[in-house]
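# Residue-level structural notes
Here is what each chain is made of, one letter per residue.
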Number of protein chains: 4
Amino acid sequence: MNSFGKIFRVTIFGESHGNGIGIVIDGCPAGLPVQFSDFTEDFNRRRSGAKGTTPRKESDIPKIVSGIFNDITTGAPIAVTFENSNTRSRDYAALRETPRPGHADFVATKKFGGFEDYRGGGHFSGRLTLGLVAAGVIAKKLIHPLRVEAKLIEAGGSHDIEKAVDKAIEERDSIGGIIECRITNMPVGLGEPFFDSVEAVLSHMVFSIPAIKGIEFGSGFNAARMKGSEHNDKIISVEGKTSTNYAGGINGGISNGNDLVFRVAVKPTSSTHQAQKTMNFKTGKMTDLEIEGRHDTCIALRVPVVLEAATAIVLADFMLQSQNIERIFKRGM
Amino acid sequence: MNSFGKIFRVTIFGESHGNGIGIVIDGCPAGLPVQFSDFTEDFNRRRSGAKGTTPRKESDIPKIVSGIFNDITTGAPIAVTFENSNTRSRDYAALRETPRPGHADFVATKKFGGFEDYRGGGHFSGRLTLGLVAAGVIAKKLIHPLRVEAKLIEAGGSHDIEKAVDKAIEERDSIGGIIECRITNMPVGLGEPFFDSVEAVLSHMVFSIPAIKGIEFGSGFNAARMKGSEHNDKIISVEGKTSTNYAGGINGGISNGNDLVFRVAVKPTSSTHQAQKTMNFKTGKMTDLEIEGRHDTCIALRVPVVLEAATAIVLADFMLQSQNIERIFKRGM
Amino acid sequence: MNSFGKIFRVTIFGESHGNGIGIVIDGCPAGLPVQFSDFTEDFNRRRSGAKGTTPRKESDIPKIVSGIFNDITTGAPIAVTFENSNTRSRDYAALRETPRPGHADFVATKKFGGFEDYRGGGHFSGRLTLGLVAAGVIAKKLIHPLRVEAKLIEAGGSHDIEKAVDKAIEERDSIGGIIECRITNMPVGLGEPFFDSVEAVLSHMVFSIPAIKGIEFGSGFNAARMKGSEHNDKIISVEGKTSTNYAGGINGGISNGNDLVFRVAVKPTSSTHQAQKTMNFKTGKMTDLEIEGRHDTCIALRVPVVLEAATAIVLADFMLQSQNIERIFKRGM
Amino acid sequence: MNSFGKIFRVTIFGESHGNGIGIVIDGCPAGLPVQFSDFTEDFNRRRSGAKGTTPRKESDIPKIVSGIFNDITTGAPIAVTFENSNTRSRDYAALRETPRPGHADFVATKKFGGFEDYRGGGHFSGRLTLGLVAAGVIAKKLIHPLRVEAKLIEAGGSHDIEKAVDKAIEERDSIGGIIECRITNMPVGLGEPFFDSVEAVLSHMVFSIPAIKGIEFGSGFNAARMKGSEHNDKIISVEGKTSTNYAGGINGGISNGNDLVFRVAVKPTSSTHQAQKTMNFKTGKMTDLEIEGRHDTCIALRVPVVLEAATAIVLADFMLQSQNIERIFKRGM
């Protein structure tokens, strides 16, 4: 299903080369100011065109269909659509016989019986993350003063990211990267034990972003190599501040008021300018495949703003859920 | 919320030192043979008592309240409960003033206003994974011939796991580990693009298991250091078999018919036999804390069977969801 | 699925003649006092034994498995189970060949492939409403000062209910009835436009109660015979009080602060002491059927407390959802 | 929340006088042929303009944003939007001080803190049912050979509906009506015991349609006046055909293979051409209100096609859910 969230709930739709894409944001409280210009910064961060990203320039002008009136949310669902343009479908038609390695072409055909919109990845396209970013802009405003910030901290195994990208462009290859996301001003008490732990819900949302292969919270995989005596974060204030933050701001699935910290691994873009081998499903024989199109050398460059949006959406939902609990206490039961 | 799944849906309840724990499994089709003895093997794998695990021996006798009649599922919800016994609540009462580092004590009190059952971790206790294992036994039968197998591949940073455990016992400390899970006989087409991708739903469920700090699929974090030309798995058969499996059996969020492979990081047990510093919330001063109780030196030793259960539950749900699609095709639309 | 609710969420399980029945109540805030004795009054109202109800006396002693500690809710899921006793399964075994008219016997066998627990209606049994009543007791406390009251206002077409029941007993037949439910101290603003309107969610829950064939809000079916000039309720105070209440306390799906009023129709009990015709599925011929067992002459006598519980559960969920909205306003966005 | 359904799931958005309205239909299987012209008939049935309906002519041209490719569903979410036009917002602005009796004006302002789009009913508008009808067209195709048919059988208390409408127009008043819906070619086994009974889920969806005040299945409210010996439908064939159909095609919440039959009561349109009293919220005094705009004399005339759509959407979801069960049986467990 293409929906996510309990109270603050998003539903995405669209295909890369169809009429357009969009998102419905349900459960946003009434009274939040949202202006057209609020979207500009994050849309620009996601946009392609910079070195290491595809030269395909998409139309990123949002059409706000509903839910915002006089620049304020109404409490009704907010629908935002984007038209598709600058699509070159001819690049993709011939690929049906030779599914691109690393892409969803093969599984899509199998799953949808050959009826899928195969052009440009169709519904699997990264183009749909534009809707997520739009929802993220609204979610970020809603969760203020919580602040979400994601940064690419490593690309192609190197911390000199610009050099790594240059090298990959030169080699006509693609590279992956690691992004760290940090949320500051966290309250204590978001998340639930077990199925709706902060890690569980965040990772669910984060793996919705194409190309992500791993996620770790706080000490993450390093935790597996540490001793308990090292790994336990000492509580040093009655607000719950800890001396270290190996837990990444979460205990028992619940936020503990320290910064929430996690990292994700982004795989190298599957499409490169090099020829590769794949099965030709018409002939049943291996064949050479060159993917013309326009490719991102390092898609990880464009992921941080999407990751922030995904995170803000999850936090908005947690914040709205947690109001209940606090309020009930105030009623003094 | 304490429920997970769309069609095959589990709901857990219980506390470590209350009357008992249990699980409701809804959406299991009628007609699946389930006998009392089917639970024995996986319960034994989860049970403590072996070297490196706590000497607390729990009562693991399931009471099947509903949903199974004459050793066959009826199609009604299956409720399984377990009584608690062998609990030593006195170990925990004094800890209220001095929340244990790494545990949920502090966040639970903040979140639930001091009304939480604080004994032995209460609802946050790993004791509740017993219900998951029970559901996993049923899910494994349902998804046959798919086969789920999880193994501890590293503990305390070492592949010689027995030695690592011995050392930690000697040091009165605790260690973490890494577990790999592999599912064989996978069909093509499980999972959905975006929010219900295989990675998204699996990671959601997996992070419900206490002590897990990271998850990676296929090449995982290594993908971030690879080039696209290396990372793409070549399709070498019309069934979709690939020459390598960096994707971990998933493209675009959909299973591609190759083995599904992922790894999780388990942190070292938070309770150890060493004294630690923590805040005393009554005095507002730092204090020494010794946690008496009985502890697992390496909780990761007991996680593989829980991880298998979590995985089987998710796969059962995906399998039941996917039937729709296939069937509609057969109706020839 | 056997769950209902978004935040205050119940999951029921059990069969009439199996080991027991029960309910899990998730999402109840921590800090609500709940004592064993709180259940007595409503359990007694639901209990059989009075004139017009079956002489089968069930065991109605709740076992609180989890979620309540020191007589206060903990915020963790509350599981309550009831053992079955005083079951006479021999009454039912022979009925498999001759499904009882008006009962679920035929559809259950078809739906569950013959694997259903057919004894005493199995999972379809009114016995399961005991769990609803338990959840209702908690929900009623939670929604205080809202007050839910349901009354049987008509039985067998007569307002003299006792006389109607006496006549039906004499005739060895059964009768239906109409129950009115009124909720006082309603706030303005519960419910949502469209799918989660108060009428929509309430009717969903109410039709879960066996034997209910219709529901109407406010003027209900009479509205279809009224003119707009008569039917509109005049607003006569700034709090929204109206001069009449044809709307039943709801406009546009949202509570308007006036009493919430609705009525349900309960069909006559399907089992009577008279012989009836039905198909014998073994012979394929029509046959006479006498249902021995123990029957309610007028099941509608026992429904009001179940209806109150169902209503309180829905209102508890609406109340918890609506806190969000109000609170966000208070943050002054 | 503005979503409904488990597998076949719709999400609606939009306001009467905003940019537009629309619907997202998720979970529709790939491979279903859907052409632009398929929508014409049902859109015409819903359209206003005939005697007894408002002269406001809306733009009903669907824009299919996603999910359909080459006139066939792709398996991805289907988004359909409609632009608003021919809106006269000036009719509504002055009404803010004097909420219209019978409308959602008062509750909307209270619920959404005054931030709601108040023009023409905003998100509460019947205009949004256009999206439901669009989804209904697709659902009807999906559930073939099941056939849904709804008819207005009574208006203003009369079976001569044309005469009743004429009289109401003459009196400058409005009238309600009763609509009967019948589904033929029903399979046995749709629906679940308790919370997801056919009656429960259908009534939930049906009460989403504005102006509906009651629903009854089969004998409905008459059941409350019947005896068990009359009311039980005799099973007269091994396929489950019954001699009568007081149950309305449902036993124990599950379809029994006979026609599914239910009726709904539609209240008279709240807006009429007569002056009415209401509270002026600025002055705090009662005042006269004349609602200019354009009104439906008998909105019930336009409801049958919406009711069919709502019903088909629910049945599509039940059909997709039930495939699972049958299929599992075929695997021979």
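The following refers to the structure shown. (Residues numbered from 1 in each chain as written. Chains lettered and ligands numbered in written order. Predicted model: local features only at pLDDT ≥ 70, side-chain atom pairs only at ≥ 80, totals over all residues. Heavy atoms only, no water.)

For the rest of this paragraph, the subject is the interface of chain B and chain C. Where interface size is quoted, it is often the accessible area lost as the parts come together. Each partner contributes to the interface: chain B provides 39 residues, whereas chain C provides 39 residues. Buried surface at the junction of chain B and chain C, summed over both partners, amounts to about 3100 Å²; 65% is from carbon and sulfur atoms. It is M1, F69 and F115 of chain B that lose the most area in chain B upon contact with chain C, and together they represent 21% of the buried surface on that side. On inspection of chain B and its partner chain C, the count reaches 2 salt bridges. For K63 of chain C, the salt bridge goes to E83 of chain B, with nearest N and O atoms at 3.7 Å. Seen at the junction of chain B and chain C, the total is 6 residue pairs in polar contact (both at pLDDT 80 or more). For the side of chain B that touches chain C, the secondary structure elements donating two or more residues are β2 (9–14), β3 (20–26), β4 (63–66), β6 (72–73) and β7 (78–83) of chain B. Counting residues per element, the side of chain B that touches chain C draws most heavily on β2 of chain B, which supplies 5 residues. (Contact = heavy atoms within 4.5 Å. Buried area = accessible area lost by both parts, 1.4 Å probe. Salt bridge = Lys/Arg side-chain N within 4 Å of Asp/Glu carboxyl O. Polar contact = N/O pair within 3.5 Å; in protein donor to acceptor, adjacent residues only side chain to side chain. Helix = DSSP H or I, 4+ residues; strand = E, 2+ residues; numbered from the N terminus.)

Attention now goes to the interface of chain D and chain C. Residue-level contacts link 109 residues of chain D with 108 residues of chain C. When the buried surface of chain D facing chain C is broken down by residue, F194, F195 and K213 of chain D rank first, second and third, together holding 12% of it. Between chain D and chain C we count 6 salt bridges in total. Taking the shortest distance from any N to any O, the salt bridge between R225 of chain D and E154 of chain C comes out at 3.0 Å. Our count for the contact surface shared by chain D and chain C stands at 35 residue pairs in polar contact (both at pLDDT 80 or more). Looking at the side of chain D that touches chain C residue by residue, the class counts come to 50 nonpolar, 39 polar and 20 charged. Sheet topology places strand β10 (residues 212–217) of chain C next to strand β10 (residues 212–217) of chain D; 3 bridges connect them, and they run antiparallel. (Nonpolar A, V, L, I, M, F, W, Y, C, P; charged D, E, K, R; others polar. Pairing = 2+ DSSP bridges.)

A few words now on the relation of the copies chain D and chain C. Mapping chain D onto chain C is achieved by rotating through 180 degrees and translating by 0.0 Å along the same axis, at an RMSD of 0.0 Å. Expressed as an axis order, the relation between the two copies is that of a two-fold axis. The C-alpha atom lying nearest the rotation axis in chain D is that of H204 of chain D; the distance is 2.5 Å. (Least-squares fit on C-alpha atoms with pLDDT ≥ 70 in both.)

Moving on to the sheet that holds strand β3 (residues 20–26) of chain A. Residue and element names in this part refer to chain A. Reading across from one edge, β1-β2-β3-β7-β4 is the order of the 5 strands in this open sheet, with antiparallel pairing throughout. Looking at the sheet topology across the chains shown, the edges are occupied by β1 (3–4) and β4 (63–66). Against the sheet, helix α4 (residues 129–143) engages β2 (9–14), β3 and β7 (78–83), with an angle of about 30 degrees to β3. (Axes fitted to C-alpha atoms, helices over the stretch in contact; angles between N-to-C directions.)

The next point concerns the relation of the copies chain B and chain C. When chain B is fitted to chain C, the residual RMSD is 0.0 Å, and the transformation amounts to a turn of 180 degrees plus an axial shift of 0.0 Å. In this assembly the copies share their binding face: 100% of the residues contributing to the interface of chain B also contribute to that of chain C.

In this section: the pairing of β10 of chain D. All names here are of chain D. Summarising burial for β10: 6 of the 6 residues are buried, a large majority. Pairing geometry for β10 and strand β13 (residues 260–266), over 5 bridges, is antiparallel. Paired with E216 across the strands is R263, a residue of β13. (Buried < 20%, exposed > 50% of the residue type's maximum accessible area, 1.4 Å probe, protein only.)

All we've got here are geometric facts, nothing functional implied.
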